[in-house]
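Structural characterization, general
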Amino acid sequence: MTDFTEANRQYFDKMATTYEEKFAQGVKVVAEQTSQHRLWISDRWTDTITNPDEKVRMLEYACGPGVISMALAPFLSEIIGIDVADKMVEAFNRNAATLELSDKMIGHVADLLGDNVPGEFTKSPYVDMDIVAVSMALHHFEHPDVALQRLGQRVKSGGTLFIIDLVPQPGHAHDHGHGHDHGHGASKHEFGDAAHTISTQGFSEETMRNLFQQAGFDVGFKYEAISEPLVFKMDGKSHSKSIFFARAQRA
Ligand SMILES: C[S@@+](CC[C@H](N)C(=O)[O-])C[C@H]1O[C@@H](n2cnc3c(N)ncnc32)[C@H](O)[C@@H]1O
């Protein structure tokens, strides 16, 4: 695990017990918008496939407590959550148990973005996914471009990569089309004690299109800014952040 990923692991491990409460409004917006966008995200769900013997499988990477997984669970056969933070994965599995979803929704601790992915995670059931989803985590990855390429390899042909993240705000550091901003431009101070866990302050439509294309996802690209912002308090200050949904398919 790189130092950057380790910083994220420590930060989110500490935050896991309070995450859903602290970001309750954001969690609610993301969950509701995900449910509303289900057919926008993908046309392959348990209620849309014609062969009932087929499975519809999703990997939620950097899953945290599983907001996306819980919202989409009624329409999936199998959900795997993976996160580097143990306590986030505990929350994911606790939520699955509370909703009586443990038979199809299981979380594991792993780093799938580094150079030494443990062997068990390089094969079934962690590959050939119908959907790979990453919510509010791409800006926490050291190299978002490499991350999408590596995660994209886990999606089967015709499958979907679905990203929720921050819309860049005016006056902030610009990225360079490959998804990170090299630390110049506006500072990351407004992220408070999370600043060292963030590589990028948001992704424009153009950047997302490039990132998807570089990862081999050049079919059906869509990007939509969500009108309701995420509102939360951090380090005693109020924040309001705009998010986007983006998706594309592998040919
Ligand atoms: C802001 S939280 C988002 C959690 C969840 N996806 C959601 O939408 O509520 C970011 C998550 O990314 C995880 N994370 C950060 N870097 C990671 C990496 N390199 N690999 C896997 N998970 C990572 C953190 O542990 C944390 O759970």
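Throughout what follows, the structure given in this document is the object of discussion. Quantities reported herein were computed from a predicted structural model and do not represent experimental measurements.

1. Considerations on the overall build of the protein
Each helix and strand counted, the protein has seven helices and nine strands in total. Dimensions along the principal axes, computed over C-alpha positions, put the protein at roughly 50 × 40 × 35 Å. Burial status across the protein gives 53% buried among its 251 residues. Put simply, 71% of the contacts in the protein that link residues at least 6 apart link residues at least 24 apart. If you sum the accessible surface of the protein, you get close to 11,200 Å²; carbon and sulfur atoms cover 50% of it. Between the averaged position of the 23 positive side-chain charges in the protein and that of its 35 negative side-chain charges there is a distance of 1 Å.

2. What to know about the site of the ligand
Close to the ligand lie 19 residues, the nearest being Tyr19, Tyr61, Ala62, Asp83 and Ser135. Within the contact set of the ligand, a nitrogen atom lies 2.9 Å away from a backbone nitrogen or oxygen of Ala62. Side-chain polar atom of Asp83 to an oxygen atom of the ligand: 2.6 Å apart, as the coordinates give it. For the ligand, whose unbound accessible area comes to 600 Å², protein coverage reaches 96%. Those elements giving two or more residues to the shell around the ligand turn out to be helix H1 (3-22) and strand S1 (57-61). For the shell around the ligand, the element with the most residues is H1, which contributes four residues. Split by residue class, the shell around the ligand holds 13 nonpolar, four polar and two charged.

About the cut-offs
- Residues numbered from 1 in each chain as written.
- Predicted model: local features only at pLDDT ≥ 70, side-chain atom pairs only at ≥ 80, totals over all residues.
- Heavy atoms only, no water.
- Helix = DSSP H or I, 4+ residues; strand = E, 2+ residues; numbered from the N terminus.
- Buried < 20%, exposed > 50% of the residue type's maximum accessible area, 1.4 Å probe, protein only.
- Contact = heavy atoms within 4.5 Å.
- Areas by Shrake-Rupley, 256 points an atom, 1.4 Å probe, with all protein chains shown as cover.
- Lys, Arg positive; Asp, Glu negative; His and termini not counted.
- Charge placed at Lys NZ, Arg CZ, Asp CG, Glu CD.
- Near = heavy atom within 4 Å.
- Polar contact = N/O pair within 3.5 Å; in protein donor to acceptor, adjacent residues only side chain to side chain.
- Nonpolar A, V, L, I, M, F, W, Y, C, P; charged D, E, K, R; others polar.

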